[in-house]
Each structure stands twice: as C-alpha cells, then as structure tokens.
Amino acid sequence: MSDKKVIVKAVAKEAAPAAKAAPKKPLYQPKGDVLISVKNLDKTFKETIHAVRNVTTDIHKGEVVVLIGPSGSGKSTFLRCLNLLEVPTGGSITMDGEDIMDKNADLNKHRQKVGMVFQHFNLFDNLNVIQNMTIAPVKLKGESEAAASQRAMNLLDRVGLADRAEAYPSQLSGGQKQRIAIVRALCMQPEVILFDEPTSALDPEMVGEVLDVMKQLAAEGMTMVVVTHEMGFAREVADRVLFMADGALIEEGTPEEIFDNPKSDRLKDFLSKIL
Ligand SMILES: Nc1ncnc2c1ncn2[C@@H]1O[C@H](COP(=O)(O)OP(=O)(O)O)[C@@H](O)[C@H]1O
Ligand SMILES: [Mg+2]
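Here the structure is a predicted model, which means the values were calculated and not measured.

Peer 1: Got a minute to help me understand the site of ligand 1 in this structure?
Peer 2: By nearness alone, every residue bordering ligand 1 is listed as Phe-45, Lys-46, Ile-49, Ala-51, Pro-70, Ser-71, Gly-72, Ser-73, Gly-74, Lys-75, Ser-76 and Thr-77. Contacts to ligand 1 include Ser-73, whose backbone N or O atom sits 3.1 Å from an oxygen atom. Side-chain polar atom of Ser-76 to an oxygen atom of ligand 1: 2.8 Å apart, as the coordinates give it. Look at ligand 1: alone it shows 560 Å² of surface, and the protein chains cover 64% of it. If you list the elements that add at least two residues to the shell around ligand 1, you get β2 (49-60) and α2 (75-82). Considering every element that reaches the shell around ligand 1, the biggest residue donor is α2, with 3 residues. Each residue belonging to the shell around ligand 1 can be placed in one class, and the counts come to 4 nonpolar, 6 polar and 2 charged.

Structure, rendered in structure tokens:
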C-alpha cells in the first residue's frame, strides 16, 4: 500500500462519523502540472467587438476541459487564441512556462505543439488520407516520409480506418473525415489538442464514432480543450467545464458542479435551454 493510501485510511478511520453525516462531493483535482496558463486574456475585434474578456484559467497536463456557452460567447475566439490563430489584444498565455505572445517566441514551434480539430474538418481535398496526415510532419518538422507514414498508418489502424489510407476526402463520410482530422492532428505528436465543435457538422448517426475516438484519447491521457454542445460527453469525459457568456468566463467546475449545481443565473438560464 502506498504512503498516501495509508494516510487516507488512517484519516478516514478517525473522521468516519463526521464524514458519514456530511458526504462531501469530490472537488476538482488537477491531473498534472500546468501546461497552458492563461491570464487576463482579452480579444477585441475592430476595437469594438469584445470577444474575450479578462479570462484567466490554467490547463493542466492530461486534463480534459470542456468549454460551453451560447453562440457568440467567445468560445472559438478563446480556443483560437491558444494557438495564436487569433492574436490576443491583452493578457498573457504561457505554455510550458514560455510566453507565447512574446514577440521573440517561435510561433511555428508553438503551433506544432497545439493540435486543432475544426467543425468542418479542414482536410486538403486534393490529397489522400495518408498525404493529409504526413504533410505537416514532413514539411514542418522535417520528418522522413517513411517515419511519418508509419506513424500515420498506426494511427489509422487505431481508429479503424487503415483501409481508407489511399482514399480522398470526397470519398469519406463526415464521421470518417473527422476521425481522420483527429489522427492528422495526432500525427504531429502535439501536447494538447483543441476541438472546436468537432461533431456539430455531422449527421447524428456519425456523432458517436467521433466522440468514441475523443473518449479513447482522453482515457490515454491526452490534454484536450473541447468546445461542444454534447453535454453527455462533457458529463462523462470532462475533468472541468468552463461556462462562457459575452466573452467572460462566468463559472467553472466539475461536470457535477456545473450541471447539477449551477450558481450563476446566466448558467442556469443556459442549461434550462439546452438540457
Ligand atoms: N474575425 C472576426 N471579426 C470580427 N468579429 C468576430 C470575429 N470572430 C468572432 N467575432 C465576434 O466575436 C464574438 C465571439 O465569437 P466566437 O468566438 O465565434 O463565439 P462562439 O464560438 O462562442 O460562438 C462574436 O460577437 C463574433 O461575432
Ligand atoms: Mg464557435
């Protein structure tokens, strides 16, 4: 038995009567060290549209963070700031302790560490599956075709799409395209993957196969930040749920805290509309 367990057992014995009287909900436990630290993040468009307002949060290694909120609340903009697809207008973002907004920061290197999966797949239609997956590792990281192809084939095999390696995107279903987009991101061996409504463009019968791949990834310890309307997924897989409205981070907590015990009126109102 580990020291920790011994201590827990000893404490539990002593505190048993009180614990029985007032069962405590488990509080959120960060999984690992901080990977991305976001402080007072701000993004305005054309100086008047305040898309992200003063958002502060940490993403830990191995953590699955689900971002929810009404349309136009700044979820996509927040996500896109994390890999600098949008340049923040205020605040700071550090990854692995490095200030990614510093003008001397290596943008390309940062983007290689942050995978992104979009609602509309964004595959190259003129490239087949294996070419879609290997182009970035070969062109951006200087990997050999052979090494990149080998990893791509292994990944395809893991999501049951090895037989589609030579297919072109037009020959794939939406669910297959999105699974390819996920393994394409993985092919770069990122430290975190950002998902922006990855199932919103899919026919309902294909949502499950994409969520299954995401669940598998989460179980394997991938750090993930996921914007989604799939509340079942959020409940089951999220370590932490963030609720945004009007660009601000209004509330965050475990799925139980957010869905079963919302505190703010904004969140209560949002949940009453979607659940
Ligand atoms: N490139 C842009 N130019 C101007 N306004 C934008 C741009 N991108 C997003 N916005 C605005 O920023 C706000 C937040 O948008 P977005 O981040 O897409 O929200 P969500 O993903 O939660 O629907 C909205 O008012 C949207 O119209
Ligand atoms: Mg969006």
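Peer 1: Please clarify how the sheet that holds strand β3 (residues 64-68) should be interpreted in this entry.
Peer 2: The strands making up a sheet associate through hydrogen bonds between their backbones, and the pairing can be parallel or antiparallel. With mixed pairing, the 6 strands of this open sheet are ordered in space as β6-β7-β8-β3-β9-β10. Two strands lie at the open edges of the sheet, namely β6 (114-117) and β10 (248-253), each paired on one side alone. Between one strand axis and the next, the sheet turns by 20 degrees as a mean value, whatever way the strands run. Relative to strand β8 (residues 223-227), β3 runs parallel, the two sharing 4 bridges. Looking at β8, one finds that Val-65 is bridged to Val-225. Contacts from α2 reach β3, β6, β7 (192-196), β8 and β9 (240-245), with the element oriented near 155 degrees to β7. Relative to β8, helix α7 (residues 204-219) is tilted by about 145 degrees, and along the sheet it contacts β3, β7 and β8.

Peer 1: Is there a simple way to think about the confidence of the model for the protein in this case?
Peer 2: For residues with low pLDDT, the predicted coordinates do not support detailed interpretation. Residues with a pLDDT of 70 or more make up 90% of the protein, whose mean pLDDT is 91. Per-residue pLDDT stays below 50 along residues 1-19; that stretch engages in 2 contacts with residues further than four places along the chain or on separate chains.

Peer 1: Would you mind showing me how to read the pairing of β7 here?
Peer 2: In summary, the side chains of a regular strand alternate between the two faces of the sheet. Of all 5 residues making up β7, 5 are buried, and the element is well covered by its neighbours. Residues Val-192, Leu-194 and Asp-196 point to one face of β7 and Ile-193 and Phe-195 to the other, with burial holding for every one of them. Looking at chain direction, β6 and β7 are connected through 4 bridges and run parallel. Following the sheet pairing, Val-117 is matched in β7 by Phe-195. Relative to β8, β7 is paired through 5 bridges, and the arrangement is parallel. Directly across from Phe-195, in β8, lies its bridge partner Val-226. Between β7 and its parallel partner β8, the chain crosses via α7, and the hand of that crossover is right-handed.

Peer 1: For this particular structure, what's the right way to read unusual backbone geometry?
Peer 2: Glycine aside, the phi torsion of most residues is negative, and most peptide linkages are trans. Its identity is not glycine, yet Asn-40 carries a phi of approximately 50 degrees, on the positive side. Assignment of secondary structure puts Asn-40 in strand β1 (residues 34-45). For Asn-122, which is not glycine, the phi dihedral falls at a positive 55 degrees. Within the element layout of this structure, Asn-122 appears in the loop between β6 and α4 (129-141).

Peer 1: Help me understand the packing of aromatic side chains, please; the structure alone is not making it clear to me.
Peer 2: Summed over the entire model, instances satisfying the criterion amount to 1 aromatic pair. With 5.3 Å between their ring centres and 35 degrees between their planes, Phe-243 and Phe-270 make a pair best called tilted. One end of the pair, Phe-243, is in strand β9; the other, Phe-270, is in helix α10 (residues 265-274), and 27 residues separate them in sequence. As far as the burial class goes, Phe-243 and Phe-270 line up, both buried.

Conventions used here
- Residues numbered from 1 in each chain as written.
- Chains lettered and ligands numbered in written order.
- Predicted model: local features only at pLDDT ≥ 70, side-chain atom pairs only at ≥ 80, totals over all residues.
- Heavy atoms only, no water.
- Near = heavy atom within 4 Å.
- Polar contact = N/O pair within 3.5 Å; in protein donor to acceptor, adjacent residues only side chain to side chain.
- Areas by Shrake-Rupley, 256 points an atom, 1.4 Å probe, with all protein chains shown as cover.
- Helix = DSSP H or I, 4+ residues; strand = E, 2+ residues; numbered from the N terminus.
- Nonpolar A, V, L, I, M, F, W, Y, C, P; charged D, E, K, R; others polar.
- Pairing = 2+ DSSP bridges.
- Axes fitted to C-alpha atoms, helices over the stretch in contact; angles between N-to-C directions.
- Contact = heavy atoms within 4.5 Å.
- pLDDT = per-residue confidence, 0-100.
- Buried < 20%, exposed > 50% of the residue type's maximum accessible area, 1.4 Å probe, protein only.
- Right-handed = clockwise from strand over helix to strand, strands pointing away.
- Phe/Tyr/Trp six-rings, centres within 6.5 Å; stacked < 30°, edge-to-face > 60°.

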